[in-house]
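Notes for the structure review
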Amino acid sequence: MNLNLTSTIKMPDHRLRREVVYLCHLVDKPILKLSTKDYMEHDMGHWVEQFGSAGLVNIEVFNQLQHTITGWPGGKPDADDSNRPERAKPFPKRVVVFSPHPDDDVISMGGTIRRLIQQGNDVHVAYETSGDIAVNDEEVSRYMHFVNGFNQIFADGKDEVIRDRYQEVKQLVANKKSGGKEPDALLTLKGLIRRGEARIACAYNNIPSDHIHFLDLPFYESGMIEKLPMSERDVVPIQQLIAKVQPHQIYVAADLADPHGTHKKCTDAVLAAIDEEKRAGAEWLKDCRVWMYRGAWAEWDVADIEMCVPMSPEELREKRNAILKHQSQMESAPFLGNDERLFWQRAEDRNRATAQLYDDLGLACYEAMEAFVEYKF
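Just so it is clear, the model here is predicted, and its values are computed rather than measured.

Below, the discussion takes up the sheet that holds strand E7 (residues 368-375). Spatially, the 7 strands line up as an open sheet ordered E3-E2-E1-E4-E5-E7-E6, and their pairing is mixed. Every interior strand has two partners, whereas the edge strands, strand E3 (212-214) and strand E6 (307-311), have only one. Taken over all neighbouring pairs, the strand axes of this sheet differ in orientation by 25 degrees on average, direction set aside. Pairing of strand E1 (residues 94-99) with strand E2 (residues 122-127), which is carried by 6 bridges, proceeds in the parallel orientation.

Membership of the largest hydrophobic core comes to 62 residues, with the highest contact counts inside it found for Val20, Ile31, Tyr39, Phe98, Ile250 and Tyr358. Residue contributions to this core peak at 7 residues, all from helix H10 (residues 262-279). With sequence-adjacent residues up to four places away left out, Ile250 is seen in contact with Val96, Phe98, Ile242, Val270, Ile274, Trp284, Cys288, Arg289, Val290 and Trp291.

Judged by how many residues are buried, strand E4 (residues 249-253) sits mostly within the fold: 5 of 5 residues are covered. Relative to E4, E1 runs parallel, the two being bridged by 3 bridges. Across the sheet, the residue bridging to Val96 is Ile250, located in E4. As defined by bridge partners, E4 adjoins strand E5 (residues 289-293) across 5 bridges and the pair is classed as parallel. Bridge assignment links Ile250 to a residue of E5, and that residue is Val290.

Within E7, 8 of the 8 residues are buried, which leaves it mostly tucked inside the rest of the structure. Of the two faces of E7, the one carrying Ala368, Glu370, Phe372 and Glu374 and the one carrying Met369, Ala371, Val373 and Tyr375 are both buried. Direction of pairing for E5 relative to E7: antiparallel, over a ladder of 3 bridges. In the strand pairing of E7, Trp291 is matched with Glu374. Sheet topology note: the E6/E7 ladder contains 5 bridges and is antiparallel. Bridged to Met307 within E7 is Phe372.

A word on the pattern of salt bridges. Tallied over the entire structure, the rule returns 30 salt bridges. When the shortest N-O distance is used, the salt bridge between Asp38 and Lys29 registers 2.8 Å. Here Lys29 falls in the partly exposed class, since its relative accessible area comes to 27%. Residue Lys319 is joined to Glu370 by a salt bridge in which the shortest nitrogen-to-oxygen separation is 2.7 Å. Taken together, the residues Lys319 in helix H11 (residues 313-324) and Glu370 in strand E7 connect sequence positions 51 residues apart. Comparing Lys319 with Glu370, the two get one shared label, buried. By sharing partners, the salt bridges in this structure join Glu86, Arg87, Asp287 and Arg289 into a single network.

What follows covers the packing of helix H5 (residues 104-118) against H11. Their axes nearest at 9 Å, the elements H5 and H11 cross at an angle of 125 degrees. The pairing of H5 with H11 is recorded here as oblique in orientation. Here H5 and H11 pass one another in a crossing that is right-handed. Here Val106, Ile107, Ser108, Met109, Gly110, Gly111, Arg114 and Arg115 of H5 lie close against H11, whose contacting residues are Glu315, Glu318, Lys319, Ala322 and Ile323.

Time to look at empty space enclosed by the protein. Scanning the entire structure with this criterion turns up 2 cavities of 30 Å³ or more. Taken as a whole, the second largest cavity encloses approximately 50 Å³ of empty space. In terms of lining residues, the second largest cavity is bounded by Gly111, Arg114, Arg115, Gln118, Met311, Glu315 and Glu318. The leading source of residues in the lining of the second largest cavity is H5, at 4 residues. Looking at side-chain class alone, the lining of the second largest cavity contains 1 nonpolar, 2 polar and 4 charged residues.

Per the counting criterion, the structure on display carries 5 aromatic pairs. A ring pair is formed by Phe146 and Phe150, whose centres lie 6.3 Å apart and whose planes are at 40 degrees; its orientation type is tilted. Taken together, the residues Phe146 and Phe150, both in helix H6 (residues 137-155) and 4 residues apart, mark about one turn of the helix. With a relative accessible area of 56%, Phe146 lands in the exposed category. Measuring from ring centre to ring centre gives 4.8 Å for Phe150 and Phe154, while their planes differ by 45 degrees; the resulting arrangement is tilted.

Reading the values: the criteria
- Counting from 1, residues in each chain are numbered in the order their sequence is written.
- In view of the model being predicted, local features appear only for residues whose pLDDT reaches at least 70, and side-chain atom pairs are presented and counted only at 80 or more, with totals across whole chains, interfaces and linings using the full set of residues.
- The basis for the side-chain values is all heavy atoms of the structure; hydrogens and waters are excluded.
- Pairing between two strands requires that DSSP report at least two bridges joining them.
- Helix and strand labels come from DSSP, where a helix needs a run of H or I of at least four residues and a strand needs a run of E of at least two; each type is numbered from the N terminus.
- The axes used here are C-alpha line fits, helices contributing only the stretch in contact, and every angle between their N-to-C directions lies in the interval 0 to 180 degrees.
- In these notes, a set of buried Ala, Val, Leu, Ile, Met, Phe, Trp, Tyr and Cys residues joined through side-chain atoms within 4.5 Å is what counts as a nonpolar core.
- Exposure is judged per residue with a 1.4 Å probe applied to protein chains only, and the accessible area is read against the type maximum: over 50% gives exposed, under 20% gives buried, and values in between give partly exposed.
- Should any heavy atoms of two residues lie within 4.5 Å, those residues are counted as being in contact.
- The rule for a salt bridge is simple: a side-chain nitrogen of Lys or Arg has to be within 4 Å of a carboxyl oxygen of Asp or Glu.
- Each angle is binned into one of four classes, with values under 35 degrees roughly parallel, values over 145 roughly antiparallel, values of 65 to 115 roughly perpendicular, and all other values oblique.
- Helix crossings are classified by the rotation of the near helix relative to the far one: an anticlockwise turn of less than a right angle makes the crossing left-handed, while a clockwise turn makes it right-handed.
- A cavity here means a set of points on a 1 Å grid, drawn over the protein atoms and nothing else, where a 1.4 Å probe fits but cannot get out; a pocket is an open set with protein on both sides within 12 Å along at least five of seven lines, and a residue lines either one if it has an atom within 4 Å of a point.
- Grid points are joined across faces, edges and corners, and a volume is the space filled by probe spheres set on the points.
- Following the grouping adopted for this structure description, the nonpolar residues are Ala, Val, Leu, Ile, Met, Phe, Trp, Tyr, Cys and Pro, the charged ones are Asp, Glu, Lys and Arg, and the polar ones are all others, Gly among them.
- Classification of ring pairs rests on two measures: the distance between centres of Phe, Tyr or Trp rings, Trp counted by its six-membered ring, which must be within 6.5 Å, and the angle between planes, read as stacked under 30 degrees, edge-to-face over 60 and tilted in between.

Scope: geometric values only; no functional claims are made or implied.
Next up, the structure:
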């Protein structure tokens, strides 16, 4: 079993698009205003010769980028799909969104998830890791104070399980050594906090509870920042899920700039599971497409984008609301990195920047956009 499939990911060969977009940035012009002189002065005259005129080159690239934009990420039923990034049939589609941590789904593609659901697609979300290590001790204390208060108000403090556990957790937090392995009981509570936040965010997006899957991949459960090696044990639950759902679309994280490497391992596990299903001759894969998204750490180069889903100001605000359901990952999250922006701010800045790039190139001007690249398997 190949467990390093992210090393085989290849970007689309959009050489023409890439060079023309680069030229637009050089001369500070939208695509349709590029002249023969612009091409000739920047050693790109061969494109003019190949197409016959600068105008024809411009139209070709403009249309290529225009056709990446869709308000129907699951495909538009009963529509000509020859120039759309997703096929019209089958519709509705079964969709599985794989999220490395319990918030990457809404951070990276929250607008697309809402659009898929609103348009009638059958959406599942699979959280690959518990995300427990990323919960601050203060969050645990806050929840424990609530549970203890609940016990005092409604049971006059007589529930011994709550009372004793409350004291036990207080001691675990107080005695924890910096940089050491997290106590298992504390990790369990932190994982429970993140599950609750994920469920609330999914409910906000109208995802049924039986479509929420917590895979808790073993490689993550080291109790420390440094994770265990990814193995076949991490692939099996993913393969079982996709074999059961038999999705027409799979969304997978390809944000390999994640500083702790969790995203890479999670992506490798999903791609390995798809690979295993392909080896087994799974018929459903013939009608499945895999879309890769990026999140809080990086974005696709505009020349690589193959599907771009626009958002209105209201839709961007709804995406923010879903991200904010993950309260433990706001100000107190321990792994925000060197970027001082909160995750919802990073997501909005990134989505607005993508929309601005399309606007600068002379395409439709949207408030924000989420971008995807297809993975060929």
